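Here are the chains, one letter per residue:
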Amino acid sequence: MKSARILLLVLLLLLLFVADLCLGTVQIPLADFWNILSGQANEVDASTRFIITQLRLPRAIMAILTGAGLSMAGLLMQTLFRNPLAGPFVLGISSGAGLGVALVIMGAGMIGLSSLSETGIIAASIFGSLGVLILILLISVRIKDTMGLLIIGLMMGSLSSAIVGILSYFSSSEQLKRYVFWSLGSLGGMQWTEIAILAGISIIGLGLILLIIKPLNALLLGESYALSLGINLKRTRWMIILITSLLAGGITAFAGPIAFIGLAVPHLSRLLLPTVDHRMLIPTALLMGACLLLVCDLVSQLPLTNYSLPINAVTSLLGAPVVIWLIMKKRNLHF
Amino acid sequence: MLTIDNIQVGYGSCVVARHEGESAFAKAELTAILGTNGAGKSTLLRSLHNGSHLLNGNIRLEGLDINNWNPTERSRKIAVVLTERHFSYFLKVRELLELSRSPYTNFLGKLQPLDHERIHAVMQSFDLESLFDRRLGTLSDGQLQRVLIARAMVQDTEYLLMDEPTSHLDINHKADLMFELREYCHETGRSMIYASHEIQLALALSDKILTIHQGQIDFFERKELTASEKLEKMFPSDYLAFQRGDIKFNFPK
């Protein structure tokens, strides 16, 4: 029963993947798509080939990696904090990443440095999100109240944006533009090497998750019971932080902050299965996150027009109503 | 054998309760912990479980200091029932019990036939089969409490540490459950240590009574305690009368 639903999600993912490759400002016939896929690429004209292999394929893979990774980060946060409203964005992890990137793009100019490599931005984003996560965790040891934690997460966001505001006041329009474009989020324009790095990070993150599946399930009983079942709580906590920072920080570095996926997908997965067993929940959330972001990407391309919307705006437009719907039906809110 | 040796338990630098000399919780015995609110019953239980509130002295499980036990090895020796309920209410009773076999399963938590056997045996003896596929959020407080006690039994340990196991239960369930637990402990050589506010039930049931009074931890045989004036001193009230040598008390006014 549950495996059937997961299989259905796999099929849906394949369908959306093909749709994402074929639809857009230029429609590509399925025949051309099939020719490229089966290696008979010379039967397709060069511009179509370029659109598929250099533009749409990287973007579709980017959407899958981003959707799956953010869903994982959200799921881990919800289990760790035992809070159904936790997620990389709500707790200010994305804001931390944003602050890190702002410091590198705009702060570097202030102290007279000019070289801003892509690697520097990625590193800044990862350190930014790691910093906020560790701060949140240190606070969570003292404060058992989860609502308090959420408010602190929001305050982190405010603090970050205040610092970003000060930085942008003093930076050049060129630097400001670069930061604003980063913060709108984008799945496009990725080089294959960049996608390979993100894929590597995602695979490491997923591999580490495999090691803590049992502790994650034990955490569903609360920390004291988990401890009594022989779970190494300290190690599990730090593993969760590490994985979340890798995934959320890495994705935010490449694609910019992308809202709501990490919060909404774990809930949708729990409702679909329905179970909180991480052995089922993890594959489901991975697939559902990938599907959802492919849908968002399709919407953002505005098929049949020449316009495309920033991805972060689309996920918020689709995600905010979902979260409101979840809160209205409070009985469906679990962790 | 679980022993305490000149211990002080409490928080930070604040000692809540102490015990002088060395005492042991014997095999196949029920020990009730009695004391007024805030006396340190839960603090003592937590210290016995994992040494978390032990400020001074030694707590030893099978001769080895409780702090030096490997967590997984310890989870095969001691199971707990706590008053806090921070779990996911989306869990099914079945999933909760399966997770309680964690000390014995592999890194993915895969259950073996032996694990299923244990779960079903406990479900049968606790009469919980009808609740097997219910989510925790749909249970009443009393049903949940019985499930939590069953959970500790599923863990299949030598020691059961329980904090107010009879809370939320009807009087018939209280009696059934506690006397069945006693029978189980005596037959299988398990030890149960539990904190309780149910003085009468504790006196009727337990092999030993541990009292925490004015920061002092003492052990009593049941008869020894009822013959003394300890209970009157521990629970002073103008409206309450303990009768020496009896496990009953009444309300004379």
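Participant: Please set out the nonpolar core residue by residue, giving values where relevant.
Facilitator: Ranked by size, the top nonpolar core spans 85 residues in total, and within it Leu44(B), Leu48(B), Phe126(B), Leu181(B), Met192(B) and Tyr194(B) carry the most contacts. Counting residues per element, this core draws most heavily on helix H5 (residues 141-154) of chain B, at eight residues. When residues of this core are sorted by domain, at least three fall in each of domain 1 (2-77 + 158-250) and domain 2 (88-156) of chain B. Every residue in contact with Leu48(B), bar those within four places of it in the chain, is listed here: Leu2(B), Ile4(B), Phe25(B), Ile59(B), Ile66(B), Ile78(B), Leu161(B) and Ile193(B). Counting residues in each nonpolar core, the second largest holds 76 residues, with Leu133(A), Ile136(A), Ile212(A) and Ile241(A) among its members.

Participant: Lay out the side chain of His49(B) in plain terms, naming residues and giving numbers.
Facilitator: Along the chain, His49(B) falls in helix H1 (residues 41-50). Residue His49(B) is classed as buried on the basis of its relative accessible area, which comes to 7%. Filtering out sequence-adjacent residues up to four positions away, His49(B) remains in contact with Ser228(A), Ile66(B), Arg74(B), Ile78(B), Val80(B) and Leu161(B).

Participant: Describe a nonpolar patch on the surface, and please don't skip the residues or the numbers.
Facilitator: Where nonpolar side chains cluster on the molecular surface, the patch consists of Leu8(A), Val10(A), Leu11(A) and Leu14(A) and spans about 390 Å² of accessible area. Considering the arrangement of structural elements, one finds Leu14(A) in helix H1 (residues 2-22).

Participant: Run through the domain arrangement of chain B, naming residues and quoting values.
Facilitator: Think of interface size as the accessible area that goes away when the parts come together; that is how it is often given. Residue and element names in this part refer to chain B. The domain boundaries assigned to chain B delineate domain 1 (2-77 + 158-250) and domain 2 (88-156). Taking the mean C-alpha position of each, domain 1 and domain 2 sit 25 Å from one another. Buried area between domain 1 and domain 2, both sides added, is near 1200 Å², and the carbon and sulfur share of it is 61%. Our count for the domain 1 to domain 2 interface comes out at one salt bridge. In this structure, arginine 190 and aspartate 156 form a salt bridge, with 3.0 Å as the shortest nitrogen-oxygen distance.

Participant: Which residues make up the pattern of salt bridges, and what values do they have?
Facilitator: All names here are of chain B. Across all of its chains, the model carries 20 salt bridges over all chains by this definition. A salt bridge links aspartate 156 to arginine 118; its shortest N-O distance comes to 3.6 Å. With aspartate 156 in the loop between H5 and strand E8 (159-163) and arginine 118 in helix H4 (residues 113-125), the pair connects residues that are 38 residues apart, well separated along the chain. By relative accessible area, aspartate 156 is classed as partly exposed at 26%. What makes arginine 118 buried here is its relative accessible area of 17%. Residue lysine 174 pairs with glutamate 198 through a salt bridge whose shortest N-O separation is 2.9 Å. Separated by 24 residues along the polypeptide, lysine 174 in helix H6 (residues 171-188) and glutamate 198 in the loop between strand E9 (191-195) and helix H7 (199-205) bring together distant segments of the chain.

Participant: Describe the packing of aromatic side chains, and please don't skip the residues or the numbers.
Facilitator: Here the structure, examined in full by the defined rule, presents six aromatic pairs over all chains. Between the aromatic rings of Tyr169(A) and Phe170(A), the centroid separation amounts to 5.3 Å while the plane-to-plane angle is 90°, which identifies the pairing as edge-to-face. The burial state of Tyr169(A) is the same as that of Phe170(A); both residues are exposed. Note on Phe242(B) and Phe249(B): the rings are 5.4 Å apart at their centroids and 50° apart in plane angle, and the pair reads as tilted. Grouped by ring-pair contacts, the aromatic residues Tyr225(A), Phe87(B) and Tyr89(B) constitute a single cluster. Taking the ring centre of Phe90(B) as reference, the NZ or CZ of Arg135(B) above it sits at 4.1 Å.

Each value, and the rule that gives it
- Residues numbered from 1 in each chain as written.
- Chains lettered and ligands numbered in written order.
- Predicted model: local features only at pLDDT ≥ 70, side-chain atom pairs only at ≥ 80, totals over all residues.
- Heavy atoms only, no water.
- Core = buried A, V, L, I, M, F, W, Y, C linked by side-chain atoms within 4.5 Å.
- Buried < 20%, exposed > 50% of the residue type's maximum accessible area, 1.4 Å probe, protein only.
- Helix = DSSP H or I, 4+ residues; strand = E, 2+ residues; numbered from the N terminus.
- Domains from an automatic or database assignment.
- Contact = heavy atoms within 4.5 Å.
- Patch = residues over 30% accessible without salt bridge, like charges linked within 9 Å, V, L, I, M, F, W, Y side chains within 5 Å.
- Areas by Shrake-Rupley, 256 points an atom, 1.4 Å probe, with all protein chains shown as cover.
- Salt bridge = Lys/Arg side-chain N within 4 Å of Asp/Glu carboxyl O.
- Buried area = accessible area lost by both parts, 1.4 Å probe.
- Phe/Tyr/Trp six-rings, centres within 6.5 Å; stacked < 30°, edge-to-face > 60°.
- Lys NZ or Arg CZ within 6 Å of the ring centre and 35° of its normal.

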